[in-house]
Amino acid sequence: MVMPRGTAIVVVLVLAGLLLVPVLGSNYLVDLSTEILIYMLFALSLNVLIGYSGNVSFGHAAYFAIGGYTCAILLTTYEWPLLLAFPAAVLLSGLAAAFVGYFCVKLTDIYFAMLTLAFAMFVWAVAFKWRDMTGGDDGFVGVTVPALIDGRVPYFYFTLVVVSISIALLWVICHSAFGRTLVAVRENRTRAGFVGVNTRAMRHVAFVVAGTFAGIAGALLAMYNHGMYVESAFWTESAQVLIMTLLGGMYSFFGPAMGAALLYLLNVFTIQYTEYWPTVQGVILLIILLFVPEGVVGLGQKIRQQLAKAD
Amino acid sequence: MSMLTNPTIVFLQFMNSISLGMNLFIIAAGLTLIFGVLRVINFAHGVFFMFGAYVCYSVVSRMAETAGAFWLGVLAAGAALAVIAFIIERGLLHYLYDKEHLMQLLFTFAIVLIMGDLAKMIWGTDQYSVPKPEGLKGAVDFSFGADLAMPLLYPAYPLMLCVLGPVVAIGMWLVLSKTRWGRVIRAATQDREMLAALGMNVPLVYTAVFVAGSALAGIGGALAAPRVAVSPGMDVTIIVECFIIVIIGGLGSLWGSFLGALILGFVNSFGIMIFPNWELVLSYVLMLLVLLWRPWGLFGQPEADGH
Amino acid sequence: MAVLEIDTVHKNFGGFVAINDVSFALEEGETHAIIGPNGAGKTTFFNLITGHLQPDHGSVTFDGRAITGMAPHRIVKLGLARSFQRINIYPRMSVFENVQVALIARDAMHFKLFTLGAALNRDETSELLALVGLGDEANEVAGELAYGKQKQLELAIALAANPKVLLLDEPTAGMSPQETAESIRLIEQITVARGLTLLFTEHDMGVVFGIADRISVLHHGVIIASGKPDEVRNDEEVRRVYLGGSSHAAA
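Structural notes on the overall build of chain A
- Secondary structure assignment for chain A yields 14 helices and two strands.
- A compact globule built from 311 residues should have a C-alpha radius of gyration of about 19 Å, and chain A, at 19 Å, falls within 12% of that.
- The burial tally for chain A puts 62% of its 311 residues in the buried class.
- Long-range pairs, those at least 24 residues apart, make up 77% of the contacts in chain A between residues at least 6 apart in sequence.
- In the structure as shown, chain A presents an accessible area of about 11900 Å², 70% of it carried by carbon and sulfur atoms.
- Counting 14 positive and 14 negative side-chain charges, chain A places the averaged centre of each group 18 Å from the other.

Details of the interface of chain A and chain C
- With 30 residues of chain A at the contact, the number on the chain C side is 36 residues.
- A buried area of about 2900 Å², summed over both sides, lies between chain A and chain C, and 67% of it is on carbon and sulfur atoms.
- Ranking the residues of chain A by area buried against chain C places Arg180(A), Arg191(A) and Phe194(A) at the top, with a combined share of 28%.
- Linking Arg92(C) and Glu187(A) is a salt bridge whose minimum nitrogen-to-oxygen distance equals 3.0 Å.
- For the pair chain A and chain C, the interface holds 15 residue pairs in polar contact (both at pLDDT 80 or more).
- Those elements giving two or more residues to the side of chain A that touches chain C turn out to be helix H7 (152-174), helix H8 (177-187), helix H9 (189-193) and helix H10 (199-225) of chain A.
- Among the elements that take part in the side of chain A that touches chain C, H8(A) stands out by supplying eight residues, more than any other.
- Its residues assigned to classes, the side of chain A that touches chain C comprises 18 nonpolar, eight polar and four charged.

A few points about helix H3 (residues 61-76) of chain A
- Look at H3(A): 22 Å from first C-alpha to last across 16 residues, which is about the 22 Å you get at 1.5 Å a residue.
- Most of H3(A) is tucked away: 16 of the 16 residues are buried.

Quick notes on the nonpolar core
- Core analysis: the biggest nonpolar cluster contains 275 residues, and Phe58(A), Phe86(A), Met223(A), Ile41(B), Phe48(B) and Leu153(C) have the highest contact counts within it.
- Counting residues per element, this core draws most heavily on helix H2 (residues 27-52) of chain A, which supplies 16 residues.
- With 24 residues, the next largest nonpolar core counts Leu48(C), Ile49(C), Ile75(C) and Leu80(C) among its residues.

Side note on the side chain of Ser94(C)
- Relative to the helices and strands, Ser94(C) resides in the loop between strand S6 (80-82) and helix H3 (95-106).
- Once you skip the residues sitting within four places of it in the chain, Ser94(C) turns out to touch Ala138(C), Asn139(C), Glu140(C), Val141(C) and Ala142(C).

Structural notes on the pattern of salt bridges
- Summed over the entire model, instances satisfying the criterion amount to 20 salt bridges over all chains.
- When the shortest N-O distance is used, the salt bridge between Glu97(C) and Arg180(A) registers 3.5 Å. Here Arg180(A) lies in helix H8 and Glu97(C) lies in helix H3, a pairing that spans two chains.
- Within this structure, Arg131(A), Asp137(A) and Asp138(A) form a network of salt bridges that share partners.

Brief notes about the sheet that holds S6(C)
Residues and elements named next belong to chain C.
- Pairing is mixed across the open sheet formed by six strands, whose spatial order is S6-S7-S8-S3-S9-S10. The open sheet has two edge strands with one neighbour each: S6 and strand S10 (222-227). The mean angle between the axes of side-by-side strands here comes to 15°, regardless of whether they run parallel or antiparallel.
- Strand direction decides the pairing type here: strand S3 (residues 31-35) and strand S8 (residues 197-201), joined by four bridges, are parallel.

Looking at the environment of Ser129(B)
- If you trace the backbone, Ser129(B) turns up in the loop between helix H4 (101-123) and strand S1 (139-141).
- Between the C-alpha atom of Ser129(B) and that of Gly36(B), which follows or precedes it by 93 residues, the distance is 34 Å.

Examining unusual backbone geometry
All names here are of chain A.
- Unlike most non-glycine residues, Glu79 shows phi in positive territory, near 55°.
- Structurally, Glu79 is set in the loop between H3 and helix H4 (82-104).
- Classification of Glu79 by relative accessible area gives exposed; the value is 65%.
- With phi around 50°, His226 is a residue other than glycine that occupies positive phi space.
- Residue placement: His226 occurs in the loop between H10 and strand S2 (227-228).
- For His226, a relative accessible area of 30% gives the class partly exposed.

A look at the confidence of the model for chain C
Residue and element names in this part refer to chain C.
- Overall, the prediction assigns chain C a mean pLDDT of 89, with 96% of residues at 70 or greater.
- At the low end of the mean pLDDT range in chain C sits helix H10 (residues 246-250), at 38; at the high end sits H3, at 95.
- In this model residues 245-251 is a low-confidence stretch, pLDDT under 50, and it forms two contacts with partners more than four residues away in sequence or in other chains.
- At the level of chain-chain contacts, confidence expressed as ipTM amounts to 0.87, with global pTM at 0.88.

Observations concerning the pairing of S3(C)
Residues and elements named next belong to chain C.
- Of all five residues that make up S3, five are buried, and the element is covered over most of its length.
- Where S3 lies against strand S9 (residues 214-219), four bridges are found, and the strand directions are parallel. Looking at S9, one finds that Ile35 is bridged to Val217.

What counts, and where the lines are drawn
- Residues numbered from 1 in each chain as written.
- Chains lettered and ligands numbered in written order.
- Predicted model: local features only at pLDDT ≥ 70, side-chain atom pairs only at ≥ 80, totals over all residues.
- Heavy atoms only, no water.
- Helix = DSSP H or I, 4+ residues; strand = E, 2+ residues; numbered from the N terminus.
- Rg over C-alpha atoms; globule rule 2.2 N^0.38 Å.
- Buried < 20%, exposed > 50% of the residue type's maximum accessible area, 1.4 Å probe, protein only.
- Contact = heavy atoms within 4.5 Å.
- Areas by Shrake-Rupley, 256 points an atom, 1.4 Å probe, with all protein chains shown as cover.
- Lys, Arg positive; Asp, Glu negative; His and termini not counted.
- Charge placed at Lys NZ, Arg CZ, Asp CG, Glu CD.
- Buried area = accessible area lost by both parts, 1.4 Å probe.
- Salt bridge = Lys/Arg side-chain N within 4 Å of Asp/Glu carboxyl O.
- Polar contact = N/O pair within 3.5 Å; in protein donor to acceptor, adjacent residues only side chain to side chain.
- Nonpolar A, V, L, I, M, F, W, Y, C, P; charged D, E, K, R; others polar.
- Expected span 1.5 Å × (residues − 1).
- Core = buried A, V, L, I, M, F, W, Y, C linked by side-chain atoms within 4.5 Å.
- Pairing = 2+ DSSP bridges.
- Axes fitted to C-alpha atoms, helices over the stretch in contact; angles between N-to-C directions.
- pLDDT = per-residue confidence, 0-100.

See below:
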């Protein structure tokens, strides 16, 4: 499958725009773009599970945090070079997802959701209590970032490259033979089993893919912040990325990326006026659930169809 | 480890296990009741619990010297949560029953976010403590006249919880198995379509169960208030504990959550002696073992389409 | 030679015996119908054969291999495919994708994370769709097809597994008489062309006696008769409990 032309043009334009951000934009815009890129990847990774396999994880922050902490600790405490620390962090997130996923994919639906949350709170508790390693609730402060990318603009380009490659890989996975079959598993697990698909193994692989790419996003965040904090493992972080995914639209590949950008901007805007960001998120979630279950992208498609009919 | 050989400490921890377990049971029972009938896992159960504790605090702090203030607080917590649950169910949740489970789950998630903030707006972020009620401030002597080096004393308030838990369990069991309403609710857990066929007012059953289950969360919160610090964040701890309980015991099973709550009580109380600071790990290991052995929990039934 | 053998298979649902020590053999190349009143256990019987349910005891042998307790996805791989009484498709995927996914699974390509999926098995998918008369609907959303067409789509999905033996659970349920006739003609045609062994349940006795080589009658979880259509038609017990036996039963 080739990307539809409209989507391809938008992707190229967005990429070109991002490349120019440091040239044309302010420092603030560069920082904002870096953060949004990281959250885009985080949301897209979750959507492999939600949108493509039909399993809702309430604990996706766990793998984000494992990636972040591992990268931070290996770079700083053990002074590993980036070329080892970064892949090791990603690998560990994937392994953690493989372990947790083994238990979670035995269950479906509500049980699955509960178990993902329970595991994520476990990861949070470990990050909180293992002070010697993680810094506990003070956070892991002062991450050593290699000089080559330590700086606002270099780090932005580093993030852009890593996120672009990751998204490209995710795109291929979601549009692969695996991705197609995964959608069938989402649509009708019983039928998929009866055409010869081991649906549990499919969901397990999806869980690992999602966890691995969340780990990449987490590692990027740890270096960006020069620190890693327990809040990144907390359930509110899982909630936030879930809302990003739904807001953009879980039935389209790029929807969650759009949702991430939208929610992040909304966050930046809202916290200037109120400390009650969770309420804003809750209200957004209610609106999505009751009125636009397909998210912004789905809404756009609907409007386009209506307009086409009107012509 | 030496603490485990001290009979007084073992006795205390044994009692603590049961009182903690019974407090957890009262909360988890509401969660499992709602799931049994509505097939909704109410993520907001933890925040309902927290509201219950806050409401109890507010009542007690305003009527400090009045006898029975605490019990009034417990009742007020139950009533307040019943009203809140009624508004949520009638106002919003029932529009989502014919949608996917996921939608209902996410809906209760939104309630958590909003009510968590609401609690901060009303009660701030301070920690509150609720004094134990009159008459339950002392301790009960378990030495029974025996001449011990140290008398076996156990505080009266948690002892009351040890008694109250089984009373609630048996009461719920009686209501569910002996009354017409109970039979209707149990029929609803088996087959929802049958309810309508029997001429039952299904929406009313759903509302009643959601209200009752939520009231239990509120009462559980009020009962926990003298034992813990009433503060923001207590909702998350409790909901994760409830999840572990129902995962171990089996969703939708009353006795499953009773057993699950007891097990968690023991793991927490004794775990803290064996691995101080890491007792939480033990509950997770236990949960994993149960899941390996019985994926649907000790008393749970597999989902209809489980393959 | 029997391609599918069921030996004293038993299934109990909380005290209710759904399938009671049933033994049964499906001969290679035959078209065999299972009939019986509603609730006789036909669908349970299919679910026990295809691995959706595990029997309490008894064994299922397919092509000389014990398949009792095997997961459905493994049984399909051995060449035993099925369709369902209630529509069982992927409603939000296109008609084309519905069949293509089954082919991807047959070729064991479904764990290929880096092989793009869209172009896989394109021709074979189109052929299968043409075969069941859905050639023009390839790009439509499966869930929006008319009921009869969804049934055909199900048939195409089952055929995609390239089975030796095909189990069809009520293939004409809910169809108009005309749709039924067309659908049965199609099934017969495909069975012959592909050399399939066919086991099906059906409520329309015209269809059953029209195409089955042999018929088995399931009643209260027991096979009470099995044989050629004429033998079954004239069987005393079958007449009594099932076929137009109402006058006897009332007496």
